[in-house]
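# Descriptive structure summary
Here's the letter readout for the chains.
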Amino acid sequence: MEILRVILTVIFVLICIVLTVIVLAQEGKSAGLTGSISGAAETFWGKNKGRTIEGKIEKGTKFVAIAFMVVALLLSII
């Protein structure tokens, strides 16, 4: 049982590092003045957000955050 705890702890630390890097790589959500001026261009990027690099980073953040929660729960049970 102790070996499993060590393995989960190592995985947890790696997930923490990856999650930190992914969150810091994301852009801010505030569009500022340029976002309100170019409203027509925003509709294109809003529809195709999942295909852009930023959209992929957001999806990756969700999956890594879910893995973070699962491993944290497993560590608390063991």
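Residues numbered from 1 in each chain as written. Predicted model: local features only at pLDDT ≥ 70, side-chain atom pairs only at ≥ 80, totals over all residues. Heavy atoms only, no water.

### Some details on helix α1 (residues 2-25)
Rules: Elements are defined by DSSP. Helices are runs of H or I of four residues or more, strands are runs of E of two residues or more, and each kind is numbered from the N terminus. How far a helix is expected to stretch is found by multiplying one less than its residue total by 1.5 Å. For every residue, the accessible area (1.4 Å probe, protein chains only) is compared with the maximum for its type, and the residue is labelled buried under 20%, exposed over 50%, or partly exposed between those bounds. Residues are treated as being in contact if the distance between any of their heavy atoms lies within 4.5 Å.
Its 24 residues place the ends of α1 35 Å apart at the C-alpha level, agreeing with the 34 Å of an ideal helix rising 1.5 Å per residue. Along α1, the residues classified as buried are Leu-8, Phe-12, Ile-15, Leu-19 and Ile-22. Buried residues in α1 make contact with α4 (53-77).

### Remarks on the nonpolar core
Most often, soluble globular proteins have nonpolar side chains that are buried together. For clarity, the threshold we go by: To form a nonpolar core, buried Ala, Val, Leu, Ile, Met, Phe, Trp, Tyr and Cys residues must be joined to one another through side-chain atoms within 4.5 Å.
Leu-8, Phe-12, Ile-15, Leu-19, Ile-22, Val-64, Val-71 and Leu-75 form the largest nonpolar core, which has eight residues in total. Residue assignment for this core shows that the elements contributing at least two residues are α1 and α4. Sorting elements by how many residues they give to this core places α1 first, with five residues. Setting aside residues up to four positions removed in sequence, Ile-15 forms contacts with Val-64, Ala-67, Phe-68 and Val-71.

### Brief notes about the packing of aromatic side chains
Two aromatic rings are characterised by how far apart their centres lie and by the angle between their planes. Spelled out, the test is: When the centres of two rings from Phe, Tyr and Trp lie within 6.5 Å, Trp using its six-membered ring, the rings pair. Their planes under 30 degrees apart give stacked, over 60 give edge-to-face, and anything left gives tilted.
The tally for this structure, following the rule as stated, stands at one aromatic pair. The interplanar angle of 20° and the centroid separation of 5.1 Å between the aromatic rings of Phe-12 and Phe-68 together place this pair among those described as stacked. Of this pair, Phe-12 sits in helix α1 while Phe-68 sits in helix α4, and the two are 56 residues apart along the sequence. With a relative accessible area of 24%, Phe-68 lands in the partly exposed category.

### Quick look at the environment of Ile-53
Structurally, the position occupied by Ile-53 is in helix α4. Counting along the chain gives 27 residues from Ile-53 to Gln-26, while the straight-line C-alpha distance between them is 9.8 Å.

### Examining the packing of α1 against α4
To keep things clear, this is the line we draw: For helices, the fitted line uses only the C-alpha atoms of the stretch in contact; every axis is such a line through C-alpha atoms, and the angle between N-to-C directions lies from 0 to 180 degrees. Convention used here: angles under 35 degrees read as roughly parallel, angles over 145 as roughly antiparallel, angles from 65 to 115 as roughly perpendicular, and any remaining angle as oblique. Throughout, a crossing is termed right-handed when the near helix is turned clockwise from the far one, and left-handed when it is turned anticlockwise from it by less than a right angle.
Orientation of α1 relative to α4, taken along the N-to-C sense of each, is 150°, at an axis distance of 9 Å. Taken as axis vectors, α1 and α4 run roughly antiparallel relative to one another. The way α1 lies across α4 gives a crossing that is left-handed. Only Ile-57, Gly-60, Thr-61, Val-64, Ala-65, Ala-67, Phe-68, Val-71, Ala-72, Leu-74 and Leu-75 of α4 make contact with α1, whose side of the interface consists of Arg-5, Leu-8, Thr-9, Ile-11, Phe-12, Ile-15, Cys-16, Val-18, Leu-19, Ile-22 and Val-23.

### So, a nonpolar patch on the surface
Formally: Think of a patch as exposed residues, more than 30% relative accessible area, with no salt bridge, where like charges cluster within 9 Å and nonpolar side chains (Val, Leu, Ile, Met, Phe, Trp, Tyr) cluster within 5 Å. Exposure was quantified through the Shrake-Rupley algorithm and a 1.4 Å probe, taking into account, for residues, occlusion by the shown protein chains and nothing else. Salt bridge, as used here, is a side-chain nitrogen of Lys or Arg placed within 4 Å of a carboxyl oxygen of Asp or Glu.
Together, Met-1, Leu-4, Phe-63, Ile-66, Val-70, Leu-74, Ile-77 and Ile-78 line one region of the surface with nonpolar side chains, adding up to about 850 Å² of accessible area. Position of Phe-63 relative to the elements: it lies in helix α4. Residue classification places Phe-63 among the exposed positions, given a relative accessible area of 61%.

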